[in-house]
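Listed below are the residues making up each chain.
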Amino acid sequence: MGNAGFTYLPASALESLKGIELVARSLVEGALLGLHRSPYHGFSSEFAGDRKYAPGDSIRYLDWKALARSGKYFIKEFEEESNLASYVILDSSGSMAMADPAGHTVKFNYACYLAAAFCYLMYRQHDASGLFVYSDEVTCASEARAGRANLTALLGRLETLVPAGPTRNGGCLKKIAGQMPRRSLAVVFSDFFTVDAEFEAALRLLRFKQCEVILFQVLNEAELEFPYRGRVELRDLESGQRLELEAEPVRASYLKRLGEHNCRLGKLCDSLHFMFETLSTSTPFERALAAYFAKREKLF
């Protein structure tokens, strides 16, 4: 599929994404299940095999051929197709408008490249994909659908987004979680600077609904390293508040607090069996995705 007209899924990236798709297809009970079978057995769809008869089983599903061959009773089992409902959830608040020190890569643009890549992977694997966008409220809620037309619509929607305004991670994610079907996949892109009790409640709701959740924290080099020197002026991209300070004396304190914040968030995700990954905008998005899926393949 050629998508040369879409900024966030250039044709030059499609070849590299094919390799990532192969890794994703090998996962079991994880993200990207469209080409896999559901682990929930029923009596519909494709024949999976026999199991021994147990008292209470309906004789409707007796394998009469197996009975004739062995003289033993077996029940036929079937697997259901598992077309996963997957959702990309994108933070479009003002803090995502921050660029790297050279002014080249904006966090939000980087997140959109990643979001487009996931939408494309879902399309290639015949999964239904949808899109939620939020800042201090949910501004886009696209129902999960499969097919080329849906992919085109999602890529087109990404083109129109501009990061601005305050963020309310917890409240928005809780609202989004309430709209998502059970056992969905949620891939969330944010800087996750706002993590509070409401945010934790939203993640627990997703866990209660047995959703697969991947949180990608998108940060740039300035946020990860605080490379400033001398007296600098910092501006809050959401409130507009400005602060002048000497960079060197606060660097160690800032990095310590960032590390502690991410450690708490990582532990919360671990407790819920969610995945949390911090990505730097200095890493090409194709390489970041490849590294993530290689890591996930080892875990599963």
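Cut-offs used in this document
- Residues numbered from 1 in each chain as written.
- Predicted model: local features only at pLDDT ≥ 70, side-chain atom pairs only at ≥ 80, totals over all residues.
- Heavy atoms only, no water.
- Core = buried A, V, L, I, M, F, W, Y, C linked by side-chain atoms within 4.5 Å.
- Buried < 20%, exposed > 50% of the residue type's maximum accessible area, 1.4 Å probe, protein only.
- Helix = DSSP H or I, 4+ residues; strand = E, 2+ residues; numbered from the N terminus.
- Contact = heavy atoms within 4.5 Å.
- Pairing = 2+ DSSP bridges.
- Axes fitted to C-alpha atoms, helices over the stretch in contact; angles between N-to-C directions.
- Parallel < 35°, antiparallel > 145°, perpendicular 65-115°, else oblique.
- Left-handed = near helix turned anticlockwise from the far one by under 90°.
- Nonpolar A, V, L, I, M, F, W, Y, C, P; charged D, E, K, R; others polar.

Asks: Please give an account of the nonpolar core that cites residues and values.
Replies: Leu-90, Leu-114, Phe-118, Leu-158, Phe-189, Phe-216 and Leu-289 are the most contacted members of the largest nonpolar core, which totals 46 residues. Among the elements that line this core, the one with the most residues is helix H3 (residues 107-124), at 14 residues. Contacts of Leu-114, omitting those with residues within four sequence positions, involve Phe-189, Val-218, Leu-279, Phe-285 and Leu-289.

Asks: Tell me what's going on with the sheet that holds strand S11 (residues 275-280), and back it up with residues and numbers.
Replies: The strand order across the open sheet built from six strands is S6-S5-S4-S7-S8-S11, with neighbouring strands paired in mixed fashion. Two strands in the sheet have a free side with no partner beyond their single neighbour: strand S6 (138-145) and S11. Between one strand axis and the next, the sheet turns by 15° as a mean value, whatever way the strands run. Relative to S6, strand S5 (residues 128-134) runs antiparallel, the two being bridged by five bridges. Its bridge partner being in S6, Phe-132 is matched across the sheet by Ala-141. On top of the sheet, H3 reaches strand S4 (85-91), S5, strand S7 (185-190), strand S8 (212-219) and S11; it is set at about 175° to S4, its chief contact. Lying over the sheet, helix H5 (residues 169-179) contacts S4, S5, S6 and S7, oriented at roughly 155° with respect to S5.

Asks: Can you tell me about the packing of H5 against helix H6 (residues 197-208), naming the residues and giving the values?
Replies: One way to put it is that H5 packs onto H6 with a least axis distance of 7 Å and a crossing angle of 20°. Taken together, H5 and H6 sit at an angle that is classed as roughly parallel. In the crossing of H5 with H6, the sense of the turn from one axis to the other is left-handed. Touching Asn-169, Gly-170, Gly-171, Leu-173, Lys-174, Ala-177 and Gly-178 of H5 are Glu-198, Phe-199, Ala-202, Leu-205 and Leu-206, all from H6. Residue composition of the contact of H5 with H6, by class: six nonpolar, four polar and two charged.

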